[in-house]
Amino acid sequence: MGIQKLKNYDVQGIHAPITYTPGDNRLDKMLKLFQVKGGKITAITDWIEAPLIKYEEFSWFGKK
């Protein structure tokens, strides 16, 4: 799959570098939480690991 060729793709600080691997297609493995306060966007956490959710393990996955 073409998207899995991305390795440490730099997205200019919007979020952590992107790497796709088979079985783990999270857009981002690391994230920051932000809040808007007084019209300014401020980071309220440092980089934290994004959970891997295996949707295929849910009974509703793939149903129409």
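Residues numbered from 1 in each chain as written. Predicted model: local features only at pLDDT ≥ 70, side-chain atom pairs only at ≥ 80, totals over all residues. Heavy atoms only, no water.

J.: Quick question: what am I supposed to make of the packing of aromatic side chains here?
T.: Where two aromatic rings form a pair, the distance of their centres and the angle of their planes describe that pair. Taken as a whole and assessed by the stated rule, the structure comprises four aromatic pairs. Residues Phe58 and Trp60 carry aromatic rings whose centres are separated by 5.4 Å and whose planes lie at 25 degrees to one another, so their mutual orientation is stacked. The rings of Tyr55, Phe58, Trp60 and Phe61 are connected pair by pair, giving a single aromatic cluster. (Phe/Tyr/Trp six-rings, centres within 6.5 Å; stacked < 30°, edge-to-face > 60°.)

J.: I keep staring at the confidence of the model for the protein chain and nothing clicks. Help me out?
T.: Detailed reading of the predicted coordinates is not advisable wherever pLDDT is low. In the predicted model, the protein chain carries a mean pLDDT of 81, and 88% of its residues have values of at least 70. Mean pLDDT across the elements of the protein chain ranges from a minimum in strand β1 (residues 30-31), with 82, to a maximum in strand β2 (residues 34-37), with 91. (pLDDT = per-residue confidence, 0-100. Helix = DSSP H or I, 4+ residues; strand = E, 2+ residues; numbered from the N terminus.)

J.: Is there a simple way to explain a nonpolar patch on the surface in this structure?
T.: A contiguous nonpolar surface patch, about 530 Å² in accessible area, is contributed by Ile53, Tyr55, Phe58, Trp60 and Phe61. Within the secondary structure, Trp60 sits in the segment after β4 (48-49). (Patch = residues over 30% accessible without salt bridge, like charges linked within 9 Å, V, L, I, M, F, W, Y side chains within 5 Å. Areas by Shrake-Rupley, 256 points an atom, 1.4 Å probe, with all protein chains shown as cover. Salt bridge = Lys/Arg side-chain N within 4 Å of Asp/Glu carboxyl O.)

J.: How do you make sense of the pairing of strand β3 (residues 40-43) when you look at a structure like this?
T.: Moving residue by residue along a regular strand, the side chains alternate between the two faces of the sheet. When β2 meets β3, the two strands line up antiparallel, connected through four bridges. Residue pairing across strands places Lys37 opposite Lys40, the latter belonging to β3. The hairpin turn running from β2 into β3, its antiparallel successor, is two residues long, and Gly38 in that turn takes a positive phi close to 65 degrees. (Pairing = 2+ DSSP bridges.)

J.: Sorry if this is basic, but what is going on with the environment of Gln35 here?
T.: Among the secondary structure elements, Gln35 is positioned in strand β2. In the structure, Gln35 is positioned 10 residues away from Thr45 in sequence and 9.8 Å away in space, judged by C-alpha atoms. With residues near it in sequence (within four places) discarded, Gln35 still touches Lys40, Ile41, Thr42 and Ile44. (Contact = heavy atoms within 4.5 Å.)

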